[in-house]
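Single-letter residue listing:
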Amino acid sequence: MEFTQELRGRFERLSSTNLSDAMDALGMRGFTFGIHPLQAAWRKIVGPAVTMRMIAAGQIPQKTHLGMNAIASARPGDVIVIDNGGRMDSSCWGGILANAAKIKGVAATVIDGCCRDLDDCIDADYPVYARGTVICTARGRVIEESTNQMIQCGGVQVRPGDIIFGDSSGIVCVPQEKMLEILEKAEQLWQKEEDMIAEIKAGADILAADAKYNYNKMLQK
């Protein structure tokens, strides 16, 4: 199913927690652990995944500059997702790649691992979500094993075309074939929370509001 601008707009109204709750309610797993926006001035991201998988450097040399194949294959609005196995001792994304991705119209990069050249990413106004930053180069430490194959990110399976959503709380991966079902459930939960907050702000008793919306059991089908 094509990820249209109308669908993008619907996702952008939501939060990562809305989507995570929706997937919990539907018996699915999509929330990652330990991956957060690196820039203080974070912004919400959403788009289809373009995937990369890293592997330790060894006897087989790197054939191309890592990340270039992913950027070349990406369409405007896509999100590059990199599986570096959570490594904190090696970068797999930096300033040159951020600038190239920004020019291509890529929405963001999500890394199960570390980024370097964060100042360059900030200067390029290019969002990066990762476990942290590291100074050292990837050269001699990791190589790109594959592009646009199934990977994991933060303990979640990610395939090319799955929908990646990020905000200040973290990253969620929405399976593409379940996108509408998850989106509709998340919208229901979002509306319920918005209505509940509105009543509390208007002076409603919090216990009465909690009982009215049955918040403790909101994930039950």
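Presented here is an overview of the structure given in this document. Predicted model only: the values in this text are computed from it and were never measured.

**Topic: the packing of helix α1 (residues 5–12) against helix α6 (residues 179–201)**
- Where α1 meets α6, the closest approach of the two axes is 10 Å, and the angle between their N-to-C directions is 40 degrees. Taken together, α1 and α6 sit at an angle that is classed as oblique. Helix-helix and strand crossings are classified by hand; for α1 and α6 the assignment is left-handed. For the pair formed by α1 and α6, the contact residues are Leu 7, Arg 10 and Phe 11 on the first element and Met 179, Leu 180, Leu 183, Glu 184 and Glu 187 on the second.
- The residue inventory of the contact of α1 with α6, partitioned by class, reads 5 nonpolar, no polar and 3 charged.

**Here's the deal with unusual backbone geometry**
- One non-glycine residue, Asp 117, lies in positive phi territory at about 55 degrees.
- With respect to the secondary-structure elements, Asp 117 resides in the loop between β5 (114–115) and α5 (118–123).
- Phi angles above zero are rare outside glycine, and Asp 125 is one such case at about 55 degrees.
- Residue placement: Asp 125 occurs in the loop between α5 and β6 (128–130).
- Overall, the relative accessible area of 43% leaves Asp 125 in the partly exposed class.

**Considering the pairing of strand β4 (residues 108–112)**
- Most of β4 sits inside the fold, with 5 of its 5 residues counted as buried.
- Here β4 shows two buried faces, one formed by Ala 108, Val 110 and Asp 112 and the other by Thr 109 and Ile 111.
- Pairing between strand β3 (residues 79–83) and β4: 5 bridges, direction parallel. Residue pairing for β4: Val 79 is matched across the bridge by Ala 108.
- The handedness of the β3 to β4 crossover, carried by helix α4 (residues 95–104), is right-handed.
- As defined by bridge partners, β4 adjoins β6 across 2 bridges and the pair is classed as parallel. Considered in β6, the bridge of Val 110 is made with Tyr 129.

**A few points about the packing of helix α2 (residues 16–25) against α6**
- At a closest axis distance of 8 Å, the pairing of α2 and α6 adopts a crossing angle of 115 degrees. The handedness of the crossing between α2 and α6 comes out as right-handed. Across from Asn 18, Leu 19, Asp 21, Ala 22, Met 23 and Ala 25 in α2, the residues of α6 making contact are Ile 182, Lys 185, Ala 186, Leu 189, Trp 190 and Glu 193.
- When its residues are assigned to classes, the contact of α2 with α6 shows 8 nonpolar, 1 polar and 3 charged.

**A look at the pattern of salt bridges**
- Evaluated as defined, the whole model comprises 12 salt bridges.
- Residue Glu 145 pairs with Arg 53 through a salt bridge whose shortest N-O separation is 2.0 Å. Of this pair, Glu 145 sits in strand β8 (residues 142–147) while Arg 53 sits in strand β2 (residues 45–56); the two residues are 92 residues apart in sequence, bridging distant segments of the chain.
- Among the residues examined, Glu 145 registers a relative accessible area of 43% and is labelled partly exposed.
- Relative accessible area serves as the criterion here: at 31%, Arg 53 is assigned to the partly exposed category.

About the thresholds
Residues numbered from 1 in each chain as written. Predicted model: local features only at pLDDT ≥ 70, side-chain atom pairs only at ≥ 80, totals over all residues. Heavy atoms only, no water. Axes fitted to C-alpha atoms, helices over the stretch in contact; angles between N-to-C directions. Helix = DSSP H or I, 4+ residues; strand = E, 2+ residues; numbered from the N terminus. Parallel < 35°, antiparallel > 145°, perpendicular 65-115°, else oblique. Left-handed = near helix turned anticlockwise from the far one by under 90°. Contact = heavy atoms within 4.5 Å. Nonpolar A, V, L, I, M, F, W, Y, C, P; charged D, E, K, R; others polar. Buried < 20%, exposed > 50% of the residue type's maximum accessible area, 1.4 Å probe, protein only. Pairing = 2+ DSSP bridges. Right-handed = clockwise from strand over helix to strand, strands pointing away. Salt bridge = Lys/Arg side-chain N within 4 Å of Asp/Glu carboxyl O.

Honestly, it's all geometry; don't read function into it.
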